Amino acid sequence: MGKRVRLTDDSLNSHGSRVLTSGIDVAQYERNPVLLYMHERGKVIGYMKDIEVKDGEISGEPVFDCATELSKQCKKQWEVGSLRMVSIGIDVLELSEKPEHLVAGQTAPTITKSKIFETSIVDIGANDNAIVMRHNGKQITLGRDSENPLPMLSNKPQTTKKQMELKTIALALGLPETADEAAVLSKIGEQNRTVAEVEQLKKDKDALTLAQVTAAVDTAIKEKRVTADKKEHFINLGKTVGIDTLKATLDAMSPAAKLSHTINPASGSTPSAGHKTYSKLSEVPEDELRKMRSDNPDEYRRLFKAEYGYSCNI
């Protein structure tokens, strides 16, 4: 069984260009799959069989016809491994400088459409994918000292995929599209610091709010506006509605009255709002006196005794 060999793929060649496998026409070559030696016409040494285009590359199996001493020699050297490189000859049909067709280090346009016209066994190629090209009627042989008639990339800077991504990020950060990588990274660092500062300020604000809410609830408990068992409820309420709304709510709640004040409003040192106390009976207006006698006899008796020095019966 012969050795299958790669004829070409999409990688960068020694002239700074690439030949896209997807754009190579192999139909004509398959009708006459001639195998030459060193790309020289008249030095046919066999043919290429089982040509296959797959996974971004073209491969085949060289067959030596042994019709000439050169073919016999090449076959023997191929079998022992002293000859091991294959190179294709193509006609260049279309070039492209579009960013999506360029890779890092590329200096010449990408050949997006081409046609194979021969395949050769070669001794030393310029790279693993050595290719002979014909462009505008002139042949291009890849090698360190060979002439390259392909045009160089235009002076306009080419935008690579990485540069496009950098441009997009720069614009998103509010920077000009010409911002370099250092400027973008610096801006990202500033934004990261800003985010951290905002998060810290939020934490500080939340802690302050909690302290204020807790103090307000504790005060309300001391003033008997709420009971201690409701502390967590009002703290959670304060965290939700804010300290101002919580204070307004607590202030609207009346302190719980002592039982003794409920039974005898006149007892205790601090009368409830709107209730007037008297020290003796003569201070009570006549209309209120009649009402006190019927509605609050205990208070009437207290004032009577304070006025006359002895108790009365009602």
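Described below are features of the structure shown in this document. As the structure is a computational prediction, the values presented were derived from the model and not from experiment.

1. Details of the pairing of strand β1 (residues 5-9)
Logical step 1: Of all five residues that make up β1, four are buried, and the element is covered over most of its length.
Logical step 2: Across four bridges, the pairing between β1 and strand β6 (residues 57-64) is antiparallel. Across the sheet, residue R6 finds its bridge partner in β6, namely S59.

2. Thoughts on the environment of A67
Logical step 1: Residue position: A67 is located in the loop between β6 and α2 (69-80).
Logical step 2: Taking the relative accessible area as the measure of exposure, A67 reaches 63% and is therefore exposed.
Logical step 3: Considered as a pair, A67 and I45 are 22 residues apart in the sequence and their alpha carbons are 7.4 Å apart.

3. Here we look at unusual backbone geometry
Logical step 1: The phi dihedral of D55 is positive, around 55°, even though this residue is not glycine.
Logical step 2: Positionally, D55 belongs in the loop between β5 (44-54) and β6.
Logical step 3: We classify D55 as exposed; its relative accessible area is 71%.
Logical step 4: The residue C66 is not glycine, and still its phi comes out positive at about 55°.
Logical step 5: Considering the arrangement of structural elements, one finds C66 in the loop between β6 and α2.

4. Brief notes about the pairing of β6
Logical step 1: Within β6, six of the eight residues are buried, which leaves the element mostly enclosed by the surrounding structure.
Logical step 2: Where β5 lies against β6, seven bridges are found, and the strand directions are antiparallel. By the bridge assignment, Y47 is partnered in β6 with V63.

5. Some thoughts on helix α5 (residues 231-241)
Logical step 1: Regarding α5, the residues found buried are F234, I235 and G238. For α5, the buried positions fall inside an angular range of 105° around the axis, keeping them on one side. Those residues of α5 that are exposed and angled more than 90 degrees off the buried face are E232 and T240.
Logical step 2: Tucked inside the fold, the buried residues of α5 contact α4 (181-222) and α6 (243-251).
Logical step 3: Positive phi shows up at G242, right after α5, with a value of about 100°.

6. Let's talk about the pattern of salt bridges
Logical step 1: Going through the model one piece at a time under the given rule, you end up with 12 salt bridges.
Logical step 2: With a closest N to O distance of 3.8 Å, K49 and E61 form a salt bridge. Pair noted here: K49 is in strand β5 and E61 is in strand β6, with a separation of 12 residues, a long-range link.
Logical step 3: By relative accessible area, which is 36% here, K49 ends up partly exposed.
Logical step 4: Residue classification places E61 among the buried residues on the basis of a relative accessible area of 11%.
Logical step 5: Note that E299 and R302 form a salt bridge whose closest N and O atoms lie 2.8 Å from each other. In this pair, E299 and R302 both sit in helix α9 (residues 297-308), three residues apart, roughly one turn of the helix.
Logical step 6: For E299, a relative accessible area of 7% translates into the label buried.
Logical step 7: Given the relative accessible area of 39%, R302 is considered partly exposed.
Logical step 8: It is possible to trace a salt-bridge network through shared partners that takes in R6, D9 and E57.

7. Let's talk about the nonpolar core
Logical step 1: With 25 residues, the main nonpolar core has I116 and I121 as its most contacted residues.
Logical step 2: Every element with two or more residues in this core is listed here: β1, β4 (34-37), β5, β6, α2, β7 (85-96) and β8 (110-122).
Logical step 3: If sequence neighbours within four positions are ignored, I116 has contacts with I24, D25, V26, Y29, I58, I88, G89 and I90.
Logical step 4: In this structure, V213, A216, A220 and I221 belong to the second largest nonpolar core, which totals 11 residues.

The rules behind each value
Residues numbered from 1 in each chain as written. Predicted model: local features only at pLDDT ≥ 70, side-chain atom pairs only at ≥ 80, totals over all residues. Heavy atoms only, no water. Buried < 20%, exposed > 50% of the residue type's maximum accessible area, 1.4 Å probe, protein only. Helix = DSSP H or I, 4+ residues; strand = E, 2+ residues; numbered from the N terminus. Pairing = 2+ DSSP bridges. Arc of directions from axis to C-beta. Contact = heavy atoms within 4.5 Å. Salt bridge = Lys/Arg side-chain N within 4 Å of Asp/Glu carboxyl O. Core = buried A, V, L, I, M, F, W, Y, C linked by side-chain atoms within 4.5 Å.

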